[in-house]
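Residue-level listing of the chains:
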Amino acid sequence: MSRIKLGFGILILLAACTGQGGGGQSEGGQKVKLEQYLVEGQQLYLQYCSACHQREGQGLAQLYPPLSNADYLDDNVEGVVCIVKNGLQGPIVVNGVEYNQAMPANPTLTPLEIAEIVTYVYNSWGRERGLVPVTEVEKILKTCNAGD
Ligand code: HEC
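Is there a simple way to explain the coordination of the iron atom of the ligand in this structure?
As a benchmark, a tetrahedral metal site with four donors has ideal angles of 109.5 degrees, while an octahedral site with six donors has ideal angles of 90 or 180 degrees. Within the protein, the atoms that donate to the iron atom of the ligand are H53 (NE2) and M103 (SD), at distances of 2.0 to 2.2 Å. Because the angles between the 6 donor atoms bound to the iron atom of the ligand fall within 88 to 179°, the donor set is best described as octahedral. Taken together, the residues H53 in helix α3 (residues 50-53) and M103 in the loop between β2 (97-99) and α5 (111-121) connect sequence positions 50 residues apart.

What is the right way to read the state of the cysteines from this model?
Throughout this description, disulfide means a covalent bond between two cysteine sulfur atoms. Here the structure, examined in full by the defined rule, presents 1 disulfide. A sulfur-sulfur separation of 1.9 Å characterises the disulfide bridge that pairs C82 with C144. Handedness of the C82-C144 disulfide follows from its S-S torsion of about -85°: it is left-handed. Taken together, the residues C82 in helix α4 (residues 77-86) and C144 in the segment after α6 (134-143) connect sequence positions 62 residues apart.

Teacher, can you tell me more about α6 here?
Because each turn of an α-helix spans 3.6 residues, side chains separated by three or four positions in sequence point in the same direction. Within α6 the residues assigned to the buried category are V134, V137 and I140. Mapping the buried residues of α6 onto a view down its axis gives an arc of 115°, with all of them on the same face. Residues of α6 that are exposed and point over 90 degrees away from its buried face: K139, K142 and T143.

Calculation notes
- Residues numbered from 1 in each chain as written.
- Predicted model: local features only at pLDDT ≥ 70, side-chain atom pairs only at ≥ 80, totals over all residues.
- Heavy atoms only, no water.
- Donors = N, O, S within 2.8 Å, 3.2 Å for Na, K, Ca; no water.
- Tetrahedral: all angles 85-135°; square planar, octahedral: opposite > 155°, others 65-115°.
- Helix = DSSP H or I, 4+ residues; strand = E, 2+ residues; numbered from the N terminus.
- Disulfide = S-S within 2.5 Å.
- Buried < 20%, exposed > 50% of the residue type's maximum accessible area, 1.4 Å probe, protein only.
- Arc of directions from axis to C-beta.

By themselves, these observations are geometric and do not establish any function.
What follows is the structure in structure tokens.
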């Protein structure tokens, strides 16, 4: 009898917790998560990317293509995730300018770190795409051809 009562009590507690706040709460959670990704993503960007693409993503002369205002990023989260992981070589055109240097791969970056970097890049320098969650990045990584 007392066990049944206890179980019932827990059920009510659970219902109370999940019912509270509802959508508003998870929206707040998304915002906090985005903030976390952006803070971490900026650190990682400065560590892994800015030496070539520069602090503001402006690129460097004919050597390193820009990330800020780069048409290459438009609707191309998949491509960017794969490039961060596997690097890139061969000629590429960004904003009408051809580049042809090798970008090194980043085999030690975890899916979460890649998600944070890509979120940072897609929410900086005028872009506001929102969160690119680690779950999405994990799915994309399975589709990359090594050497992409
Ligand atoms: C050693 C220099 C170097 C580093 C470090 C580097 N890149 Fe690159 N990146 C390049 C070069 C060079 C290209 C063009 C490759 C080609 O010509 O095929 C490129 C291309 C790109 C592109 C596609 C073209 C564009 O400008 O949109 C993206 C996106 C990109 N890099 C993102 C990153 C990110 C994010 C990081 C950090 C994780 C990073 N890169 C680190 C040199 C670098």
